[in-house]
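Summary of structural features
These are the residues of each chain, in order.
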Amino acid sequence: AAASGGRLWRRVAAGLGPGLRGGSGRAAEAAPRAQELAERLREQRRKEEKREVSGERAGPKGRDCGSRHPAQRWVRQLALLSKRLQHVHPNVLAKILKQEILYQNEEIVVINKPYGLPVHGGPGVKNCITDVLPILAKMLENMKAQPLHLCHRLDKETTGVMVLARSMEVAEKIRLLFKTRQVEKTYWAIVLGEPEPAEGIVEIPIVEKEPSHHLPSLQMTLAPNYRLRPEDGRELKIRRQRQADSAVTRYRRLARASACSLLELQPITGVKHQIRVHLAYGLGCPVLGDHKYSHWSKLAPQKLPEITLRRLKLEQSKARHLPLHLHAHRLSLPLGQQIDLVCKPPLFFQKTLRKLELDIAKD
C-alpha cells in the first residue's frame, strides 16, 4: 500500500506542480482537484489494506494472482498473521493462548507460543503476551486470580514451549534455573545449507552491532576472540571485546534435502538471537525465513537456492514473506520433579518439512 500510495502521490504532484508554482489564482483552482485526488488515494489505500488482510494480491486487469499460486498466497497469509494478532481484542488473544496450553499444575502454565506474537510491548505493538496474562489467569481460575508471570522469553517469530508462573515466587525460582543453566532447552530449525561438521558446538561470543545506514536497526553479531593468521591459517588469540557475551550452542543435523537441513539445537547460554547468529554467521547456515541475519552487511530478503524454491513452489521475489522456521521443541524443567515439555512444530513448519522432503527417518 505504501509503495503504490507513493506512486500515486508522485502522479498527484506531477499533475498539480505547475498550478501550485503559479499565482494564487491557479493554486485556488487546483485545490478542489487536489482534494478529489487525495480522496481517491485514501480509497485506494483502503482497498489495498482489505486485499492484504484477506491474503489476496490483485494482478493485472483485475485477475487474482494469489489463486493461481497457492503456495505464494500461503506464505503471504503467514506474513500477515502477526498483523492480524495486533488487531484482535485482548480477550480474543487470551482465548487463543488458552487453547495453546500444553501443561499446567499449581505452579506453572505452559503454552505453545504462536508465530508472530511478541512477548513484550514496544513501538507499534498493540497486543503482546505480557498484556493479556491477567486476562488469561482469570480464564483459567476465577475473577480473583493473580496475573501469570513470564519466566523467560522467545522472539516474536519463534514458536513453541513457553513457561508462565502462577506466582512471583515461582517465576523467580524458574528464572534462576534458566540463569544457572539448569533448564535443558531444545530447538528445531530448518536452515539453508548443511553444517560442517554435521554435529558440533559453536562457541563464539556475541555483541550488539551499532546501527548504520546499511543496518538501521539493532542487530547482534559475532565477536570472536581469535583471528586466522593469513600465512598459514592458524588461530591467534586476540583481546575479547568488553561488551561481548559468551555464547555456546550445541547442534546436530537430523535430516538434509533440497539444499536445506533440519537441525536440533541446544543453546547452553541465553544471549539475544544466539541461535540465529551462530547458525548464520558461525556455520553459514541461516534459518529459513530469517531475513535479518542472512546477510553480513545489509538488511535484505533471504536468497534461496533454486531447488529450495522449486520444492516450496515459490518465486524468489516472494521469499521475503517466508516465516522464520525456528521452534522451541522441548524444555526440561527441574521443578521439584523433572518436568519434560514437548511441543510439535506449527503446521507451516510441518508443511515445509514435507515440501523439502526433510524426513528424519530417512537421513
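Residues numbered from 1 in each chain as written. Predicted model: local features only at pLDDT ≥ 70, side-chain atom pairs only at ≥ 80, totals over all residues. Heavy atoms only, no water.

For the protein chain, the count of helices and strands is eleven helices and 14 strands. Looking at the 363 residues of the protein chain, the share that counts as buried comes to 46%. In the protein chain, of all internal contacts separated by at least 6 residues, the share reaching a separation of at least 24 is 63%. Counting only carbon and sulfur atoms, one obtains 51% of the accessible surface of the protein chain, whose full area is about 20,100 Å². (Helix = DSSP H or I, 4+ residues; strand = E, 2+ residues; numbered from the N terminus. Buried < 20%, exposed > 50% of the residue type's maximum accessible area, 1.4 Å probe, protein only. Contact = heavy atoms within 4.5 Å. Areas by Shrake-Rupley, 256 points an atom, 1.4 Å probe, with all protein chains shown as cover.)

Moving on: the side chain of N127. Along the chain, N127 turns up in the loop between β2 (108-113) and α7 (129-140). The exposure class of N127 is buried, given its relative accessible area of 5%. Polar side-chain contacts of N127 include one of 2.8 Å to the backbone oxygen of V88. Filtering out sequence-adjacent residues up to four positions away, N127 remains in contact with L85, Q86, H87, V88, P90, L93, L117 and P118. (Polar contact = N/O pair within 3.5 Å; in protein donor to acceptor, adjacent residues only side chain to side chain.)

Now for helix α11 (residues 347-356). Note: α-helices contain 3.6 residues per turn, so residues at a spacing of three or four share the same orientation. When we look at burial in α11, the residues that qualify are F348, F349, T352, L353 and L356. Projection of α11 onto a plane perpendicular to its axis shows the buried side chains occupying an angular sector of 145°, all on one side. When the buried face of α11 is taken as reference, the exposed residues oriented beyond 90 degrees from it are L347 and R354. (Arc of directions from axis to C-beta.)

So, about the packing of aromatic side chains. Scanning the entire structure with this criterion turns up two aromatic pairs. Between Y115 and F348 the ring centres are 5.4 Å apart and the planes differ by 70°, which places this aromatic pair in the edge-to-face class. Separated by 233 residues along the polypeptide, Y115 in the loop between β2 and α7 and F348 in helix α11 bring together distant segments of the chain. For the pair Y115 and F348, one class covers both residues: buried. Consider the rings of Y281 and Y293, whose centres lie 6.0 Å apart with planes at 75°: the pair is edge-to-face. Of this pair, Y281 sits in helix α9 (residues 274-282) while Y293 sits in the loop between α9 and α10 (306-312); the two residues are twelve residues apart in sequence, bridging distant segments of the chain. (Phe/Tyr/Trp six-rings, centres within 6.5 Å; stacked < 30°, edge-to-face > 60°.)

A few words now on the state of the cysteines. What the rule picks out here adds up to zero disulfides. For C285, which is in no disulfide, the shortest distance to another cysteine sulfur is to C260 and amounts to 9.6 Å. (Disulfide = S-S within 2.5 Å.)

A cis amide bond, omega 5°, links E196 with the succeeding residue P197. Inspection of the secondary structure puts P197 in the loop between β5 (184-192) and β6 (199-203). The backbone of R181 sits at a positive phi, close to 60°, despite the residue not being glycine. Its location among the elements puts R181 in the loop between α8 (168-179) and β5. The phi angle at H273 is positive, at roughly 60°, despite the residue not being glycine. Structurally, H273 can be placed in the loop between β12 (260-267) and α9. Relative accessible area serves as the criterion here: at 12%, H273 is assigned to the buried category.

Okay, the packing of helix α6 (residues 90-99) against α7 next. Where α6 meets α7, the closest approach of the two axes is 9 Å, and the angle between their N-to-C directions is 70°. Taken together, the axes of α6 and α7 lie roughly perpendicular to each other. Relative to α7, α6 is oriented so that their crossing is right-handed. Contacts between α6 and α7 involve P90, N91, L93, A94, K95, L97 and K98 from the first element and I129, V132, I135, L136, M139 and L140 from the second. When the residues that make up the contact of α6 with α7 are grouped by side-chain class, the tally is ten nonpolar, one polar and two charged. (Axes fitted to C-alpha atoms, helices over the stretch in contact; angles between N-to-C directions. Parallel < 35°, antiparallel > 145°, perpendicular 65-115°, else oblique. Left-handed = near helix turned anticlockwise from the far one by under 90°. Nonpolar A, V, L, I, M, F, W, Y, C, P; charged D, E, K, R; others polar.)

Glancing now at the confidence of the model for the protein chain. Taken over all residues, the pLDDT of the protein chain has a mean of 81, while the share at 70 or more is 74%. Here residues 1-24 is a poorly scored stretch, pLDDT under 50, and it has 17 contacts once near neighbours within four places are set aside; other chains count. Of the regions scoring below 50 in pLDDT, residues 55-67 engages in 21 contacts with residues more than four places distant in sequence or in other chains. (pLDDT = per-residue confidence, 0-100.)

Right, let's get into the pairing of β12. Among the eight residues in β12, seven count as buried, and that is most of the element. Sheet analysis places β5 next to β12, joined by six bridges and oriented antiparallel. Bridging across to β12, Y187 finds its partner in L265. Across eight bridges, the pairing between strand β11 (residues 248-257) and β12 is antiparallel. (Pairing = 2+ DSSP bridges.)

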